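Tertiary structure, described
One letter stands for each residue in the lines below.
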Amino acid sequence: MPPHKLLYNKEKYDKSFLSQIRRLDNNIDEILYYVRSEDTEKDFIITEIDLKEVIRNISLKNKDDLLENNIEFKVELGVTSVNSDKKWLEFIINQIINNSIKYKKGNESIIKIESIENKDKVILAIYDNGIGIPAKDLKRVFDKSFTGTNGRDKVKSTGMGLYIIKNLCNKLGHNISIESKENEYTKVILEFGKNDVYKF
């Protein structure tokens, strides 16, 4: 085999190996956070969080996957702060971004994060133009261990990620919902009360 072919294959395998390592690292995070999420109240530190910093950290953590998958990452924040726990909020948003990467479609993929403010809440929306969620699965995506059609047929899934973040949002006093249309888009919506103060 010509030397340039060897080099090409080495780069290909290196990228594949690193991608698997990143996925394994994320799965380990998911397991650790799941174990701790059953008793998270003792770990909450609710403060005013800078969304720009949180999203910057997440984009850096996922930059290799975003680049390798040619995903355009757009951030348009009309509001830049919310009341939450920084560590847990970063985990929640990172899980959502990971799903958007995992279930991307085609070569013109987009992940867009927007925030707006209304009378009594801040809304953070995370949109992707990926494969979407079948209508029959949409009502069950937050169920424990539910993998759905996509998790079985297209990408290996534990069915735990959305269950964990739903549980965390409930405990933090945030609302989370999902809108989706198969083969078109998925939008995850996080809602933060302006004056949320967590009470133990």
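Residues numbered from 1 in each chain as written. Predicted model: local features only at pLDDT ≥ 70, side-chain atom pairs only at ≥ 80, totals over all residues. Heavy atoms only, no water.

**Quick word on the overall build of the protein chain**
Of the regular secondary structure elements, the protein chain holds seven helices and seven strands. Along the protein chain, helices and strands appear, N-terminal first, in the series α-β-α-α-β-β-α-β-β-α-α-α-β-β. Looking at the protein chain as a whole, 42% of its 200 residues qualify as buried. Of all intrachain contacts in the protein chain linking residues separated by at least 6 positions in sequence, the fraction that spans at least 24 positions is 73%. As displayed, the protein chain has an accessible area near 11600 Å², and 51% of this comes from carbon and sulfur atoms. (Helix = DSSP H or I, 4+ residues; strand = E, 2+ residues; numbered from the N terminus. Buried < 20%, exposed > 50% of the residue type's maximum accessible area, 1.4 Å probe, protein only. Contact = heavy atoms within 4.5 Å. Areas by Shrake-Rupley, 256 points an atom, 1.4 Å probe, with all protein chains shown as cover.)

**Section: the sheet that holds strand 2 (residues 71-77)**
Ordered in space as 2-4-5-7-6, the five strands form an open sheet in which the pairing is mixed. Either end of the sheet is taken by a strand with one partner, and the two such strands are strand 2 and strand 6 (175-181). Averaged over all adjacent pairs, the angle separating strand axes in this sheet is 10°, with direction ignored. With seven bridges connecting them, strand 6 and strand 7 (residues 185-193) associate as antiparallel partners. Counterpart to E179 in the pairing with strand 7 is K187. (Pairing = 2+ DSSP bridges. Axes fitted to C-alpha atoms, helices over the stretch in contact; angles between N-to-C directions.)

**As for the side chain of N62**
One can find N62 in the loop between helix 2 (51-61) and helix 3 (63-68). At 2.9 Å, the side chain of N62 forms a polar contact with the side chain of N98. Not counting residues up to four positions away in its chain, the partners in contact with N62 are N94, I97, N98 and I101. (Polar contact = N/O pair within 3.5 Å; in protein donor to acceptor, adjacent residues only side chain to side chain.)

**Section: the packing of helix 2 against helix 4 (residues 86-102)**
Two quantities define a packed helix pair, namely the angle between the axes and the distance from one axis to the other. At a closest axis distance of 10 Å, the pairing of helix 2 and helix 4 adopts a crossing angle of 50°. As judged from the angle between their axes, helix 2 and helix 4 are oblique. The hand of the helix 2/helix 4 crossing is right-handed. On helix 4, the residues that touch L51, E53, V54, N57, I58 and K61 of helix 2 are K86, L89, E90, I93, N94 and I97. When its residues are assigned to classes, the contact of helix 2 with helix 4 shows six nonpolar, two polar and four charged. (Parallel < 35°, antiparallel > 145°, perpendicular 65-115°, else oblique. Left-handed = near helix turned anticlockwise from the far one by under 90°. Nonpolar A, V, L, I, M, F, W, Y, C, P; charged D, E, K, R; others polar.)

**Looking at the pairing of strand 4 (residues 109-117)**
Note: strand 2 against strand 4, seven bridges, orientation parallel. Each bridged residue has a counterpart across the sheet, and for F73 the counterpart in strand 4 is I111. Taken together, the seven bridges between strand 4 and strand 5 (residues 121-128) define a ladder with antiparallel strand orientation. Opposite I116, over in strand 5, you have I123 as the bridge partner.

**Notes on the packing of aromatic side chains**
Inspection of the entire model under this criterion finds two aromatic pairs. Taking 6.5 Å as the distance between ring centres and 80° as the angle between the ring planes, the aromatic pair formed by W88 and F91 counts as edge-to-face. Taken together, the residues span about one helical turn, with W88 and F91 both in helix 4 at a distance of three residues. In this structure F91 comes out as buried when scored by relative accessible area, which is 5%. A centroid spacing of 6.1 Å and a plane angle of 20° characterise the contact between Y127 and Y185, whose relative ring orientation is stacked. Of this pair, Y127 sits in strand 5 while Y185 sits in strand 7, and the two are 58 residues apart along the sequence. With a relative accessible area of 29%, Y127 lands in the partly exposed category. Residue class for Y185 comes out partly exposed when judged on its relative accessible area of 23%. The ring centre of F142 lies 5.5 Å from the NZ or CZ of K166, which sits over that ring. (Phe/Tyr/Trp six-rings, centres within 6.5 Å; stacked < 30°, edge-to-face > 60°. Lys NZ or Arg CZ within 6 Å of the ring centre and 35° of its normal.)

**Looking at the nonpolar core**
Counting 38 residues, the largest nonpolar core has I92, I93, I97 and L190 as its most contacted members. Elements represented by at least two residues in this core include exactly helix 2, helix 4, strand 4, strand 5, helix 7 (161-172), strand 6 and strand 7. Examining the composition of this core, we find that eight residues originate from one element, helix 4, more than from any other. Non-local contacts of L190, meaning those with residues more than four positions away in its chain, are made with I92, I93, I96, V122, I123, L124, C169, N175 and I176. (Core = buried A, V, L, I, M, F, W, Y, C linked by side-chain atoms within 4.5 Å.)

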